[in-house]
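# Structural overview
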Amino acid sequence: MADHKDKKRKHRGDAGTRPKKKVAIQTPSDEPAQSNMVKVSSIQTAKVCPPVIATCPGICVPKSVKFQAYSKQQPTGSRKSKPADSSLLLHSSFHGKLDYTAREDGPGGRESHLKHYIGVFDPKTGQLSVVEAKKMAVRGVVRTQEAPEEDPADRQASKTTLELRNNLGEAFGTKKAKKALAAITENAIAPERGGADADGNPQKLTSSSQALMESINDVTMGMASKEDLQAAADAAKPVPPGKFDAEEIQDVYTPEELIGGEILNAIPIKDWQEQIKKGQNKATPSQFISTRLVPVGEGPNPVHRLRTLRYLEFLVRFVKSARPGKERGSKRIPPRDKLREILKPAPEPVIENIRRKFSSNGEMRKFHTDLVYTYCCALAAILCNYSFDTAPIRYDLGLDEKQFGQYFKEIGGKVKVSKEKGNHRQIAVLALPLEFPKVRYQRPRGR
């Protein structure tokens, strides 16, 4: 019963597909004997000129090209070992511009472990002769063009003095000299790229050169010139206004231009006039004012010049009253009430003129500090007839010789040192033509 259950039932479709008759199969013994049997008669190895199987990757070699064969015996490891095969090389210079070279794959090549054979079949005898061949790859290289030989005498005559000196420098010069000569050679411009031909006639610009010049012209059209940059730099400098094209030195800087006509007329000088009439010369906190009060009051145009001297005194008091500010290089001026006491007897318009001109929001920045110093230099030159000893005004402003010399040069003056009879003195002179310090243009680095 167990065997009956394990048996599988056959599918109905399989029963009808199988043929009932057996199919006869033809065996090889029943086939007729072949009469054209191919037999390998010999396997030869050519030692001198083996046949070549050549490939031309990437190039097309003409059929008319003829090659010359070169062979070389490869060295063996020991004397007793069998002689190694000779290496073969094919070369052809038959082409006008190309050199063809055929080489075998050396050790480590992609097909160095394979052997290639060529078979020659004889249909009469039915024998096949097999010969071992060389597998080679043909490469093409452009032949270098050699310049025609020149006569040594003509070559020597064509050399200039500069070329002869360069040759000496290359032969006997130092490393630095050789490097400089190499840089000159690298940066040399070819004759055909120059602006003129051999006859000196200017060459015409190509379309690309014209487009480049037009683009450069568009970019540089609105660019400021050197004179414009110098004028802009002069306008931004903290210097007093002046008439710099004047023919007389007294017309360059005037009190009316520096201070203003209304402010100059509002400056009180009655107390100084009374002192000068009585012959009194009271000491003032300013050394420069004390030394110039009597000469100015007794000189020409005393009222006008005394008001200029008093304005300079107000500037000295204003500078001394300033204290260091929060930011570096800045100074803080006193409040208005305290400033009135410091600048007494200056009226309110004069005080406001000084505050607005030499400070901003109660603070003196570097620009305002430099401006007040250059104003003091110009006023001192006017009051001293444009030549004076700088010691008194330097003492009042708290400047050394170098600092005062820089400020005085900003208004176009000159500073010189006098050592007469062992006395060291710095003399400031303001004369035409004025010489202002020029703006320095630094080149960008990495070029």
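Now for a description of the structure that goes with this document.

### A few points about unusual backbone geometry
- For the peptide bond that leads from Lys-344 to Pro-345, omega is 15°, which places it in the cis range.
- Tracing the backbone through its elements, the reader meets Pro-345 in the loop between α13 (336-342) and α14 (348-358).
- Of note, the amide linkage connecting Leu-432 to Pro-433 takes the cis form, showing an omega dihedral of -5°.
- A positive phi angle is found at Asn-301, which is not glycine, with a value near 50°.

### Focus on helix α17 (residues 401-410)
- Along α17, the residues classified as buried are Phe-404, Gly-405, Tyr-407 and Phe-408. Along the axis of α17, the buried positions cluster into a sector of 165°, meaning they face one direction only.
- With its phi angle positive at about 95°, Gly-412 sits one or two positions after the end of α17.

### Some remarks on the pairing of strand β12 (residues 414-420)
- Sheet analysis places β12 next to strand β13 (residues 423-429), joined by seven bridges and oriented antiparallel. Bridging across to β13, Lys-416 finds its partner in Ile-427.
- Joining the antiparallel neighbours β12 and β13 is a turn of two residues, in which Lys-421 adopts a positive phi near 55°.

### What to know about the pattern of salt bridges
- Across all of its chains, the model carries 16 salt bridges by this definition.
- With a closest N to O distance of 2.7 Å, Asp-99 and Arg-143 form a salt bridge. Residue Asp-99 is found in strand β5 (residues 98-104), and its partner Arg-143 is found in the loop between β7 (127-142) and α3 (152-158); the two are separated by 44 residues along the sequence.
- Since its relative accessible area comes to 22%, Arg-143 is described here as partly exposed.

### Comments concerning the sheet that holds strand β10 (residues 363-364)
- Pairing is antiparallel in the open sheet, where three strands are placed in the order β8-β9-β10. The open sheet has two edge strands with one neighbour each: β8 (323-324) and β10.
- Summarising the sheet, β8 and strand β9 (residues 331-332) pair through two bridges and their orientation is antiparallel. Looking across to β9, one finds that Pro-324 is bridged to Lys-331.

### Points about the environment of Ala-133
- Looking at the element boundaries, Ala-133 is found in strand β7.
- For the pair Ala-133 and Thr-45, spaced 88 residues apart in sequence, the C-alpha to C-alpha distance is 8.0 Å.
- Leaving out residues up to four positions away in the same chain, Ala-133 has contacts with Pro-51, Ile-53, His-116, Tyr-117 and Ile-118.

### Quick notes on the packing of aromatic side chains
- What the rule picks out here adds up to seven aromatic pairs.
- With centroids separated by 5.4 Å and ring planes inclined at 85°, the aromatic side chains of Phe-244 and Phe-436 adopt a geometry described as edge-to-face. With Phe-244 in the loop between α7 (226-236) and α8 (255-258) and Phe-436 in the segment after β13, this pair connects stretches of sequence that are 192 residues apart.
- Judged by its relative accessible area of 43%, Phe-244 falls in the partly exposed class.
- Ring centres of Phe-388 and Phe-408 lie 5.9 Å apart, and the angle between their planes is 75°; on these two criteria the pair is classed as edge-to-face.

### Some details on the sheet that holds β12
- Spatial strand order, β11-β13-β12: three strands in an open sheet with antiparallel pairing. Each edge of the open sheet is held by one strand with a lone partner, namely β11 (387-389) and β12. For this sheet, the mean angle separating the axes of adjacent strands, direction not counted, is 30°.
- The strands touched by α17 are β11, β12 and β13; relative to β13, the strand with the most contacts, the crossing angle is about 15°.

### Considering the packing of helix α15 (residues 366-383) against α17
- Orientation of α15 relative to α17, taken along the N-to-C sense of each, is 75°, at an axis distance of 9 Å. By the angle between their directions, the pair α15 and α17 is classed as roughly perpendicular. Where α15 abuts α17, its residues Asp-370, Tyr-373, Thr-374, Cys-377 and Ala-381 lie against Phe-404, Tyr-407, Phe-408 and Glu-410.
- In terms of residue class, the contact of α15 with α17 is built from six nonpolar, one polar and two charged.

### Side note on helix α10 (residues 270-278)
- Where α10 is concerned, the buried positions are Trp-272, Gln-275 and Ile-276. When α10 is viewed along its axis, its buried side chains cluster within an angular range of 95° and face the same direction. Opposite the buried face of α10, at more than 90 degrees from it, the exposed residues are Lys-270, Lys-277 and Lys-278.
- Elements that come into contact with the buried residues of α10 comprise α11 (287-297) and α12 (302-321).

### Here's the deal with a negative patch on the surface
- On the surface, a cluster of negative charge is contributed by Asp-245, Glu-247, Glu-248 and Asp-251.
- Along the polypeptide, Glu-247 turns up in the loop between α7 and α8.
- Overall, Glu-247 belongs to the exposed group, its relative accessible area being 73%.

### Quick word on the packing of α11 against α12
- Between α11 and α12, whose axes approach to 9 Å, the crossing angle comes to 170°. Looking at the two axes, α11 sits roughly antiparallel to α12. Here α11 contributes Phe-288, Ile-289, Arg-292, Leu-293, Val-296 and Gly-297 to the contact with α12, which in turn contributes Pro-302, Arg-305, Leu-306, Leu-309, Leu-312 and Glu-313.
- Its residues assigned to classes, the contact of α11 with α12 shows eight nonpolar, one polar and three charged.

Reading guide: rules and limits
- Residues numbered from 1 in each chain as written.
- Predicted model: local features only at pLDDT ≥ 70, side-chain atom pairs only at ≥ 80, totals over all residues.
- Heavy atoms only, no water.
- Helix = DSSP H or I, 4+ residues; strand = E, 2+ residues; numbered from the N terminus.
- Buried < 20%, exposed > 50% of the residue type's maximum accessible area, 1.4 Å probe, protein only.
- Arc of directions from axis to C-beta.
- Pairing = 2+ DSSP bridges.
- Salt bridge = Lys/Arg side-chain N within 4 Å of Asp/Glu carboxyl O.
- Contact = heavy atoms within 4.5 Å.
- Phe/Tyr/Trp six-rings, centres within 6.5 Å; stacked < 30°, edge-to-face > 60°.
- Axes fitted to C-alpha atoms, helices over the stretch in contact; angles between N-to-C directions.
- Parallel < 35°, antiparallel > 145°, perpendicular 65-115°, else oblique.
- Nonpolar A, V, L, I, M, F, W, Y, C, P; charged D, E, K, R; others polar.
- Patch = residues over 30% accessible without salt bridge, like charges linked within 9 Å, V, L, I, M, F, W, Y side chains within 5 Å.
- Areas by Shrake-Rupley, 256 points an atom, 1.4 Å probe, with all protein chains shown as cover.
- Lys, Arg positive; Asp, Glu negative; His and termini not counted.
- Charge placed at Lys NZ, Arg CZ, Asp CG, Glu CD.

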